[in-house]
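Next come the chains, spelled out residue by residue.
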Amino acid sequence: MASKPKLTQLFLFNSNWGPREGEEDQKVVFFWPQETEINTQIRSIGLIEAVSRFGETFSKKPAHSLHTQKSRTVWKEVEKSFFLCFTVTVPSIRKVGKDGADVVEFRPEDVIDSVLLGVLERAHSMFSLFLGGLDVILDTNNGDKELVRERTEHFYTRYLATLRLENTSVLDMWGGLQYLPLEPEPFLRVQTLVTRAQEQFSNIHSSIFLQQGQLVWSGLVPDTTRLLVHYLTTTLLPSLTTLPSPSPTSPHQGRFLVGGQATDTLPLVHLTTGQYHLVVFHAINSTLCLLLAQVPDNQFYSSVSSSLGPTLSNLSADLTHIWANTNTNNQVPQDMVKFIYFNAANFAVKSTVDPGNENLVNLAAELASDLPEGGEVTAKLNTDQWVVVRVAGVRTVIVLLNQKNLNLMEVSEEVARLDKSSFGRICLL
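Residues numbered from 1 in each chain as written. Predicted model: local features only at pLDDT ≥ 70, side-chain atom pairs only at ≥ 80, totals over all residues. Heavy atoms only, no water.

Enquirer: Looking at this structure, how should I read the pairing of strand β16 (residues 375–380)?
Expert: With 6 bridges connecting them, β16 and strand β17 (residues 386–392) associate as antiparallel partners. The residue bridging Ala-379 from the neighbouring strand is Val-387, located in β17. What sits between the antiparallel neighbours β16 and β17 is a turn of 5 residues, in which Asp-384 has the positive phi angle 75°. (Pairing = 2+ DSSP bridges. Helix = DSSP H or I, 4+ residues; strand = E, 2+ residues; numbered from the N terminus.)

Written out as structure tokens, the structure is:
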């Protein structure tokens, strides 16, 4: 069985810092592993700069990756003169050679540049969401480079714990949102709760409502929404199992995951309209994310708990029941057609593909990248699986068929049935 890609280096540097010989170490903003010897850091940065300059002589498009037999490095200029870089190992498999000795065979096709770049870009977007961006830190602190290094280290040493590069796929490249489909009546209840909260508490600038980690409502633009949802689903919600459960005698099941006391330091969220304080309130399986214009006091927390806690708890219990029934009714045999749907306009993504098919999905994503103007590709693999990729405007559909001994006509019929059952209301022309 082939090994998985593993992150070996993550570093950020500014190509304009330390321009003279002997000052190259000043270019380093952050480097992980942090115990890496400084000369190794300088060589890694110098290699990226050299490859980038070399690439400029052949193409107007900047170079973004370096392939070797055992590693893959990707980078991007995330802000002016600031380059963020990832290095990962190339997966390998050990086989027995002709002479009976073990032979290591590397599998570079299992590492997709576009997927790694998508993960890289989201990492910097998260940094900018919570810290404002590298240039913003410099501009608001008289060009203090050490402060940039401190805040970068503070962010990335924590963000590294959420990176799961060994199982990345096109879903990570898209960074899409899982929307929870609701009937009008329960959706209206969610919208009513959010609207009443914002009317009752004038300090609330905007809010996001999640159920089971899936998006139900957001008052923010899709790009910001997907970053906050990513933070909630990868950092906050997984930690729920380690927190004590609310008391059974409590009047409701609501509790604060972020905030709760006036003395708490709240994360700052940087939007184009200003900076807002993040408070997260959770009950059963529902999560209400609030962005506040001012720092709240204890009265705000107690009022939110007493007024929203019972309503959110009852609503969450009902939505959990609806979600459980929907999942039961939608269960399908394991050998049925699997699909991934993505809408780049609102970042909506839906997937029925089981874990462990990342390589197959990444292959389909590469096929999709060959259809910039739209179209359809159907391919049969040597494993007797079929892959159908369809691109129509901002929408992409990837279909995986695991049935054995299908012919092209039968594949078309299976896809047609999927279109009718799952995409009947979506234009995919």
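Okay, back to it.
Enquirer: Before we go on, may I ask you to explain the layout of surface pockets in this structure?
Expert: Rolled over the atoms, a probe with the dimensions of a water molecule shows which regions are left empty. Here the second largest pocket defines a volume of roughly 580 Å³. Surrounding the second largest pocket, 23 residues form its lining, Phe-130, Leu-131, His-154, Phe-155 and Pro-267 being those nearest its centre. Taken together, the elements giving at least two residues each to the lining of the second largest pocket come down to α2 (113–131), α3 (134–139), α4 (145–159), α7 (222–236) and β11 (268–271). No other element matches the 5 residues that α4 contributes to the lining of the second largest pocket. Here the lining of the second largest pocket is composed, by residue class, of 11 nonpolar, 10 polar and 2 charged. (1 Å grid on protein atoms, 1.4 Å probe; cavity = no way out; pocket = protein on both sides within 12 Å on 5 of 7 lines; lining within 4 Å. Points joined across faces, edges and corners; volume = space filled by probe spheres on them. Nonpolar A, V, L, I, M, F, W, Y, C, P; charged D, E, K, R; others polar.)

Enquirer: Can you help me understand the packing of α2 against α4 in this one?
Expert: Packed helices, taken two at a time, are described by the angle between their axes plus the distance between the axes. The contact between α2 and α4 brings their axes to 11 Å, and the two run at 125°. On the basis of their axis angle, the class for α2 and α4 is oblique. The handedness of the crossing between α2 and α4 is right-handed. Note on element contacts: α4 touches α2 through Arg-151, Thr-152, Phe-155, Tyr-156 and Tyr-159, opposite Arg-122, Ala-123, His-124, Met-126, Phe-127 and Leu-131. Across the contact of α2 with α4, the residue classes tally to 7 nonpolar, 2 polar and 2 charged. (Axes fitted to C-alpha atoms, helices over the stretch in contact; angles between N-to-C directions. Parallel < 35°, antiparallel > 145°, perpendicular 65-115°, else oblique. Left-handed = near helix turned anticlockwise from the far one by under 90°. Contact = heavy atoms within 4.5 Å.)

Enquirer: Help me understand the sheet that holds strand β3 (residues 65–67), please; the structure alone is not making it clear to me.
Expert: The strands that make up a sheet are held in pairs by hydrogen bonds between backbone atoms, and each pair lies either parallel or antiparallel. The 5 strands lie next to each other as β2-β1-β5-β4-β3, forming an open sheet whose pairing is antiparallel. Of all strands in the sheet, those bounded by a partner on one side alone are β2 (28–32) and β3. Mean inter-strand twist for the sheet, computed between neighbouring axes without regard to direction, equals 10°. As judged from the 3 bridges shared by β3 and strand β4 (residues 71–79), these two strands associate in the antiparallel manner. In the strand pairing of β4, His-67 is matched with Arg-72. Sitting on the sheet, α2 touches β3, β4 and β5 (82–89), and the angle it makes with β4 is about 40°.

Enquirer: Looking at this structure, I do not really get the side chain of Ser-207. What am I missing?
Expert: Mapping Ser-207 onto the fold places it in strand β8 (residues 204–211). A polar atom in the side chain of Ser-207 sits 3.0 Å from the side chain of Gln-198. Once residues within four sequence positions are removed from consideration, Ser-207 is found in contact with Val-194, Gln-198, Trp-217, Ser-218, Gly-219, Leu-288, Cys-289 and Leu-290. (Polar contact = N/O pair within 3.5 Å; in protein donor to acceptor, adjacent residues only side chain to side chain.)

Enquirer: Help me out: how do you make sense of the sheet that holds β16 in this one?
Expert: Here 5 strands make up an open sheet; going across it, the order is β15-β14-β18-β17-β16 and the pairing antiparallel. Because the sheet does not close on itself, it has two edges, and the strands there are β15 (348–351) and β16. Averaged over all pairs of adjacent strands, the angle between strand axes in this sheet comes to 5°, irrespective of strand direction. In the sheet, strand β14 (residues 338–343) pairs with strand β18 (residues 395–401) via 6 bridges, with the strands oriented antiparallel. Bridging from a neighbouring strand, Phe-342 pairs with Thr-396 of β18. In the packing of helix α9 (residues 358–369) onto the sheet, contacts are made with β14, β16, β17 and β18, and the angle to β17 comes to roughly 40°. Here helix α10 (residues 408–422) sits on the sheet and contacts β14, β16, β17 and β18; the angle it forms with β17, its principal contact strand, is near 50°.

Enquirer: Looking at this structure, I do not really get the packing of aromatic side chains. What am I missing?
Expert: Each aromatic ring pair is characterised by the separation of its centres together with the angle its planes make. Inspection of every chain in the model, using the stated rule, returns 16 aromatic pairs. Relative to Phe-13, the ring of Phe-11 has its centre 6.3 Å away and its plane inclined at 25°; by these criteria the two rings are stacked. The pair Phe-11 / Phe-13 is uniform in exposure class, with both members buried. In textbook terms, an aromatic cluster arises when at least three aromatic residues are bridged by ring pairs, as seen for Phe-30, Phe-127, Phe-155, Tyr-156 and Tyr-159. We note Arg-226 situated over the ring of Phe-347; from NZ or CZ to the ring centre the distance is 3.9 Å. (Phe/Tyr/Trp six-rings, centres within 6.5 Å; stacked < 30°, edge-to-face > 60°. Buried < 20%, exposed > 50% of the residue type's maximum accessible area, 1.4 Å probe, protein only. Lys NZ or Arg CZ within 6 Å of the ring centre and 35° of its normal.)

Enquirer: Sorry if this is basic, but what is going on with unusual backbone geometry here?
Expert: In terms of backbone geometry, most residues other than glycine have negative phi values and most peptide bonds are trans. Cis rather than trans, the peptide bond between Trp-32 and Pro-33 has omega equal to 5°. The phi angle at Asp-384 is positive, at roughly 75°, despite the residue not being glycine. Tracing the chain through its elements places Asp-384 in the loop between β16 and β17.

Enquirer: Explain empty space enclosed by the protein here, please?
Expert: Per the stated rule, a full pass over the model turns up 1 cavity of 30 Å³ or more. By volume, the largest cavity amounts to about 30 Å³. In terms of lining, the largest cavity is formed by Val-388, Arg-390, Val-397, Val-399, Val-415 and Asp-419. Counting residues per element, the ones that place at least two in the lining of the largest cavity are β17, β18 and α10. Within the lining of the largest cavity, the residues separate by chemical class into 4 nonpolar, no polar and 2 charged.

Enquirer: Sorry, what's going on with α10 here?
Expert: Since the α-helix advances by 3.6 residues per turn, residues separated by three or four positions end up pointing in the same direction. For α10, with 15 residues, the first-to-last C-alpha span of 21 Å sits near the 21 Å given by 1.5 Å per residue. The complete set of buried residues in α10 reads Val-411, Glu-414, Val-415 and Leu-418. Angular distribution of buried residues about the axis of α10 spans 95°; they occupy a single face of the element. Turned more than 90 degrees from where α10 packs its buried face, Met-409 and Lys-420 sit exposed. If you follow the buried residues of α10, they end up packed against β14, β16, β17 and β18. For α10, the N-terminal cap is Asn-407; the gap from its side-chain oxygen to the backbone nitrogen of Met-409 is 3.1 Å. (Expected span 1.5 Å × (residues − 1). Arc of directions from axis to C-beta.)

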